[in-house]
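Here are the chains, one letter per residue:
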There are 2 protein chains.
Amino acid sequence: MKMLYQGKTKDIYDKGDGNYLLKFKDDVTGTDGVFDPGANTVGLSIEGAGRAGLKLTKMFFEKINQAGIATHFVDADIENATMTVKPAEVFGKGVEVILRYKAVGSFYRRYGMYCEEGQELDSYVEVTLKDDNRNDPLITDEALEMLGIMTKEEYTLLVDLTKKIGNIIKEELAKKDLELYDIKFEFGRVGADKHVALIDEISGGNMRAYRGSEYIEPLALEKIMLAE
Amino acid sequence: MKMLYQGKTKDIYDKGDGNYLLKFKDDVTGTDGVFDPGANTVGLSIEGAGRAGLKLTKMFFEKINQAGIATHFVDADIENATMTVKPAEVFGKGVEVILRYKAVGSFYRRYGMYCEEGQELDSYVEVTLKDDNRNDPLITDEALEMLGIMTKEEYTLLVDLTKKIGNIIKEELAKKDLELYDIKFEFGRVGADKHVALIDEISGGNMRAYRGSEYIEPLALEKIMLAE
């Protein structure tokens, strides 16, 4: 299989049958050997991290597909840490969609003059550009359209899908007594009709979850969610 | 008269007759003695800077009022560098509205992956919070509403007024062979009906203008605009 892209935590291959293969690696992002899901560099390698992330991704993607929401997911091979997906075209050079239920992280850092840390937010959605050199800047729907990254119609759909998907994940976490504070997604255009669909992965590193007042770090979160 | 607020470049007094008085100072923002309209500290004092800024502000506010657009402007006393205005309530603790005709400054720094420096923009409007400690962060209409800073209706009106006011100023500059690249405004709620109105000032430091490929610094811009 031809490798199309070598990522920080995943490699992408062309299966040759119209689908792509994502290989989940045990490398996780971080700085100086400390795991940090928000970091833009590979910090360390953790045995089994790839398979755990894939397992959770598979569980969530199956639930999202069942809810009738389009994703790129086809199937997953946990043993080999690979996921078969439909090819997707990203928006511009890639954007991240962040859904916030609580004012924490970069939202609180930006708007701390107007909110308390941890304050409730009403499913607030924002889009940032994937651009390591410019610290993933926030961008408005107006600018996304003006710079040819996505249309207003795509933006509206993406916000709607994000809230629906977030609800599914929030409810799954609640079953394990976990509270979802925020989560980031990636979307792309899939199929001949280029419909907006959820892509990439949904693993522990994509979200911030708490049990009571205790932050649950990504690998622990995956363990809790995947326990029978 | 009672001083209500001591600002970096203006002081505000209560006239006691229902209006406020803005006193334009000769202090200009900058760093280490160098004038920089974007700076958050007073850098130096320039003899006559207050009166020149007020003259230009008066000229623009009169034109904007004539166009039927609400402002807080009542009248100006150039000799004493004071402007009488209607009291206004700012949005939250103050926001800045930026109108961009060219991709320069913070827009280019944020979105340089998707544009060339100086590229045309189609009257792009964005809002930032006035918050020196957080570097005046960009904020979306959604977040403005969620944090109780302004309603969606106010935002829509503000964007519309910004484009109309920008056009007036762009045309005035064009008469002097100057091209407006971007400009920042402040708006507030004025009167018993709390209608959205342009407030603060419109002087050289509010805008970025070029003559051909040459950047015209704020004080030179004021001189050109005020010459008979």
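This structure is a prediction, so every number in the text was calculated from the model and none was measured. The numbering scheme is per chain: residues are counted from 1 as the chain's sequence reads. As they are written, the chains are lettered A onward and the ligands numbered 1 onward, keeping that order. Residue-level local features of this predicted model are given only where pLDDT is at least 70; pairs of side-chain atoms are given and counted only at 80 or more, and the full residue set underlies all totals for whole chains, interfaces and linings. Side-chain calculation: all heavy atoms of the structure are included, whereas hydrogens and water are not.

A.B. asks: Could you give me a rundown of the sheet that holds strand E2 (residues 10-14) of chain A, with the residues and numbers involved?
C.D. replies: All names here are of chain A. Taken together, five strands build an open sheet; the order of strands is E1-E2-E3-E8-E7 and the sheet is antiparallel. The two strands at the open ends of the sheet, each matched to only one other strand, are strand E1 (2-6) and strand E7 (73-77). The mean inter-strand angle of the sheet, taken between neighbouring strand axes irrespective of direction, is 25°. With four bridges connecting them, E7 and strand E8 (residues 82-85) associate as antiparallel partners. Pairing of Phe 73 across the sheet is with Val 85, part of E8. Contacts are assigned to residue pairs with any non-hydrogen atoms lying within 4.5 Å of each other. Helix axes are fitted only over the stretch in contact, all axes being lines through C-alpha atoms; the angle between N-to-C directions runs from 0 to 180 degrees. Put simply, DSSP H or I for four residues or longer makes a helix, DSSP E for two residues or longer makes a strand, and each gets a number counted from the N terminus. Lying over the sheet, helix H1 (residues 49-66) contacts strand E3 (20-24), E7 and E8, oriented at roughly 145° with respect to E7. Between any two strands, at least two bridges found by DSSP are needed for them to pair.

A.B. asks: Give a description of the pattern of salt bridges that names residues and reports values.
C.D. replies: When a carboxyl oxygen of Asp or Glu is within 4 Å of a side-chain nitrogen of Lys or Arg, the pair counts as a salt bridge. If you walk through the whole model with that rule in mind, you get 38 salt bridges over all chains. Residues Glu89(A) and Lys194(A) are paired through a salt bridge, measuring 2.5 Å at the closest nitrogen-oxygen approach. On the criterion of sequence distance, the pair formed by Glu89(A) in strand E9 (residues 88-90) and Lys194(A) in the loop between strand E13 (179-190) and strand E14 (195-199) is long-range, its members being 105 residues apart. Exposure is judged per residue with a 1.4 Å probe applied to protein chains only, and the accessible area is read against the type maximum: over 50% gives exposed, under 20% gives buried, and values in between give partly exposed. On the basis of relative accessible area, Glu89(A) is assigned to the partly exposed category, the value being 32%. The class for Lys194(A) is partly exposed, based on a relative accessible area of 44%. For Asp182(B), the salt bridge is made with Arg100(B), and the minimal N-O distance between the two is 3.5 Å. Of this pair, Asp182(B) sits in strand E13 (residues 179-190) while Arg100(B) is found in strand E10 (residues 95-102), placing the two residues 82 residues apart along the sequence. Neither residue differs from the other here; Asp182(B) and Arg100(B) are each classed as buried. When salt bridges with common partners are traced through the structure, they connect Arg100(A), Arg110(A), Glu126(A), Asp182(A) and Arg208(A) into a single cluster.

A.B. asks: Which residues make up the pairing of E10(B), and what values go with them?
C.D. replies: Residues and elements named next belong to chain B. Where burial is concerned, most of E10 is hidden: eight out of the eight residues are buried. Pairing analysis gives seven bridges linking E10 to strand E11 (residues 120-129), with the strands arranged antiparallel. For Val 95, the partnering residue across the bridge sits in E11 and is Leu 129. Of the pairings in the sheet, the one linking E10 to E13 comprises four bridges and is antiparallel in character. Its bridge partner lying in E13, Leu 99 is registered against Ile 183.

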